[in-house]
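Geometric and topological summary
Each chain, letter by letter, is given below.
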Amino acid sequence: MPKPPVDPTVQHDADQLEASLGQVEAHLGALGDALKQQDAAATEAAASNLHRALGTAMECFARAARRGAVPPALRRRLAVTGGQVAAQREAVARATSALDRAIDILIPDMAAARQVPMYSAQGLSLRASSGGLAQA
């Protein structure tokens, strides 16, 4: 039984989606590795690369969704990858919170001077930037 012809636009969209999602997955893996190794420079680079890859993937998926060309398998992979990104973000937020508590114990004056939380629920810094040095 012959297969029905595949619309080249749909196939191109699927290829683009596959490539962009693969990039996100690769950069997410690199970020996880950098976090495990506690390598700050590699973590920063991997996070930046992941951010760019996520932006590209979201553009590709939005464009394909407007045409109704997102295959269910890729939609599921995107959902799984989104969950992994959320889990990474939560792990980083927890680690940051633990570090902040340790700093508050070691340098109590900083905790007293700060009236707002250091990070919001979205992971954004709420700290006021200070130009001075902390003295122990």
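None of the values given here were measured: they were computed from a predicted structure.

1. Some words on the overall build of the protein chain
Scanning the protein chain from N- to C-terminus turns up four helices and zero strands. Across the protein chain, helices and strands are ordered from the amino to the carboxyl terminus as α-α-α-α. Within the protein chain, the fraction of its 136 residues that count as buried is 21%. Taking as baseline every contact in the protein chain between residues at least 6 positions apart, the subset at least 24 positions apart corresponds to 59%.

2. Things to note about unusual backbone geometry
Non-glycine residue Gln38 carries a positive phi angle of around 55°. As for its position among the elements, Gln38 is in the loop between helix H1 (8-37) and helix H2 (40-66).

3. What about the confidence of the model for the protein chain?
Confidence in the prediction of the protein chain, expressed as mean pLDDT, is 80, and 73% of residues score 70 or more. The secondary-structure element of the protein chain with the lowest mean pLDDT is helix H4 (residues 108-113), recorded at 64, while H2 shows the highest, at 91.

Reading guide: rules and limits
- Residues numbered from 1 in each chain as written.
- Predicted model: local features only at pLDDT ≥ 70, side-chain atom pairs only at ≥ 80, totals over all residues.
- Heavy atoms only, no water.
- Helix = DSSP H or I, 4+ residues; strand = E, 2+ residues; numbered from the N terminus.
- Buried < 20%, exposed > 50% of the residue type's maximum accessible area, 1.4 Å probe, protein only.
- Contact = heavy atoms within 4.5 Å.
- pLDDT = per-residue confidence, 0-100.

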